[in-house]
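Take a look at the letters that make up each chain.
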Amino acid sequence: MTTPLELPVFDAGAEPFRVAEAMRRAGAAVVTGVFDNETIERCAADLQPEFEARGKLQENDFNGYKTLRISSVLGYAPESAPLIAAPLVLGVVEQILKPHCHAYRIGSATGIEIWPGEGDQVLHTDDSIYPLRIPGVEFQIGVMIALTDFTEENGATRLVLGSHGTEDYFDEHAEPVSAVMPKGSVAFYLGSLWHAGGANHSDAPRMGLITTYALGWLRQEVNQYLAVPPDIARQYDPTIRRLLGYTKHGSSLGHGHVVGGARVPHNPEDKSDTGLDMWVWD
Ligand SMILES: O=C(O)CCC(=O)C(=O)O
């Protein structure tokens, strides 16, 4: 009989390669205490108006009918940027993806608020959007940031540890574990890992920010150029702009011709920030 895998848990001082190592084994890991309350509250407050205005538009059998969802948060909630580009987050993402690409990009960046009364989401893998597998290559990584405490009761993300890999295989008897973690923590999981949101049996919503980061040569799950067009992308620093996809992959993939830099999303007030490296040929 094999010993069941346990969810690896680290504190914020963890070396990204250690977190990645644990993920390769279990498929997922949690790092606690990554963000302070103030950073989390600023982000949550920035997302709130969008949850209220458009959160119900993505209701369906998969997303649920008591769950609010808002896509492409960088298009309207700049306070999400420090979370999405946090060094520890990118450090772990880099360990998993960088061996297989020149640059990785955001696939999707979504606020999810699971309200009381919501049931378990169906287990799935994020990689099902891509029609192939390459043995030994992870296509993407999901990064769920807890904007409230995540508990068994309120719908913490459920993870089927050890279910990752290159085969379309799933043991229907495998028991998911819940990514129970305090507000400000991060749950990382591989794109091939089976997982889902949990049922909320508590009396308050569970709010999370889930960002997927994908190999830079894959099509992004959400079209970031439409969601965060150059006029909005311009307000962000180069790290975020590159994560959005305003960059080439290697020497030429995704390059664009720019005349006079007019369409390049750079910050005009910063003379050193031409943005030109993002689109022109090397
Ligand atoms: O809300 C969660 O905990 C996970 C949601 C999820 O996996 C999804 O909607 O694809």
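Keep in mind it's a predicted model, so treat the numbers as computed, not measured.

What counts, and at which threshold
- Residues numbered from 1 in each chain as written.
- Predicted model: local features only at pLDDT ≥ 70, side-chain atom pairs only at ≥ 80, totals over all residues.
- Core = buried A, V, L, I, M, F, W, Y, C linked by C-beta atoms within 7 Å.
- Buried ≥ 20, exposed ≤ 12 C-beta atoms within 10 Å, placed from the backbone.
- Helix = DSSP H or I, 4+ residues; strand = E, 2+ residues; numbered from the N terminus.
- Pairing = 2+ DSSP bridges.
- pLDDT = per-residue confidence, 0-100.
- Contact = placed C-beta atoms within 7 Å.
- Axes fitted to C-alpha atoms, helices over the stretch in contact; angles between N-to-C directions.
- Parallel < 35°, antiparallel > 145°, perpendicular 65-115°, else oblique.
- Left-handed = near helix turned anticlockwise from the far one by under 90°.
- Nonpolar A, V, L, I, M, F, W, Y, C, P; charged D, E, K, R; others polar.
- Arc of directions from axis to C-beta.
- Expected span 1.5 Å × (residues − 1).
- Bend = angle between axes of the 7 residues up to and from the residue.

Q: Please clarify how the nonpolar core should be interpreted in this entry.
A: Nonpolar side chains tend to gather and get buried jointly when the protein is soluble and globular. Ranked by size, the top nonpolar core spans 71 residues in total, and within it M23, A28, A29, V143, V186 and F188 carry the most contacts. Per-element tally for this core: the top contributor is strand 10 (residues 206–215), with six residues.

Q: What is the right way to look at the pairing of strand 4 (residues 104–114) in this model?
A: For a regular strand, the rule is simple: side chains alternate between the two faces of the sheet. With 10 of its 11 residues buried, strand 4 lies for the most part within the structure. Across four bridges, the pairing between strand 3 (residues 67–70) and strand 4 is antiparallel. Counted as the bridge partner of I70 is G111 from strand 4. Note: strand 4 against strand 10, 10 bridges, orientation antiparallel.

Q: I tried to follow the confidence of the model for the protein on my own but got confused; where do I start?
A: Should pLDDT be low for a region, the predicted coordinates there are not to be read in detail. Averaged over all residues, the pLDDT of the protein equals 90, while 88% of them reach at least 70. Counting interchain partners and residues more than four positions distant, the pLDDT-below-50 stretch residues 258–262 has seven contacts.

Q: Just checking my understanding: could you explain the packing of helix 1 (residues 16–26) against helix 4 (residues 87–97) for this structure?
A: For any two helices packed against each other, the geometry is given by the interaxial angle and the distance between the axes. Relative orientation of the contacting elements helix 1 and helix 4 amounts to 50°, with a least axis distance of 8 Å. Classed by the angle they form, the pair helix 1 and helix 4 counts as oblique. As helix 1 packs across helix 4, the resulting crossing turns out to be right-handed. Mapping the contact onto sequence places P16, F17, V19, A20 and M23 in helix 1 and L88, G91, V92, Q95 and I96 in helix 4. Partitioned by chemical class, the residues of the contact of helix 1 with helix 4 number eight nonpolar, two polar and no charged.

Q: Would you take a moment to explain helix 1 for this structure?
A: Think of an α-helix as 3.6 residues a turn; residues three or four steps apart then line up on the same face. Taken as a whole, helix 1 has its buried residues at P16, V19, A20, A22, M23 and A26. The arc enclosing the buried residues of helix 1, seen along the axis, measures out at 160°, which places them on a common side. On the buried face of helix 1, the contacting elements are strand 1 (9–11), strand 2 (28–32), helix 4 and strand 8 (186–190). A positive backbone phi angle near 95° is found at G27, which sits one or two residues after helix 1.

Q: I tried to follow helix 2 (residues 37–54) on my own but got confused; where do I start?
A: Here helix 2 is 18 residues long and its end C-alpha atoms lie 25 Å apart, about the 26 Å a rise of 1.5 Å per residue gives. Roughly 30° is the biggest bend found in helix 2, and it falls at L47, with proline P49 one to four residues downstream. Turning to helix 2, its buried residues number three or more, namely I40, C43, A44 and L47. Those residues of helix 2 hidden inside the fold are in contact with strand 3, helix 3 (81–84), strand 4 and strand 10.

Q: Help me understand the sheet that holds strand 2, please; the structure alone is not making it clear to me.
A: The strands making up a sheet are joined through hydrogen bonds of the backbone, oriented either antiparallel or parallel. The strand order across the open sheet built from seven strands is 1-2-8-5-10-4-3, with neighbouring strands paired in mixed fashion. At either margin of the open sheet sits one strand with a lone partner, and together these are strand 1 and strand 3. In this sheet, neighbouring strand axes are inclined to one another by 20° on average, regardless of whether the strands run parallel or antiparallel. Two elements, strand 1 and strand 2, share three bridges in a ladder whose sense is parallel.

Q: What should I look at first to understand the environment of L68 in this one?
A: In this structure, L68 sits in strand 3. Through-space distance from the C-alpha of L68 to that of K56 is 5.3 Å; in sequence the pair is 12 residues apart. With near-sequence residues (within four places) excluded, L68 lies in contact with F51, G55, K56 and E113.

Q: When you look at the pairing of strand 8 in this model, what are you seeing that I'm missing?
A: Counted residue by residue, strand 8 has five buried out of five residues, so it is predominantly covered. Going residue by residue along strand 8, you find V186, F188 and L190 tucked away on one face and A187 and Y189 tucked away on the opposite face as well. Strand direction decides the pairing type here: strand 2 and strand 8, joined by four bridges, are antiparallel. Each residue of the ladder has a partner; that of A29, found in strand 8, is F188. Relative to strand 8, strand 5 (residues 140–146) is paired through five bridges, and the arrangement is antiparallel. Opposite I145, over in strand 8, you have V186 as the bridge partner.

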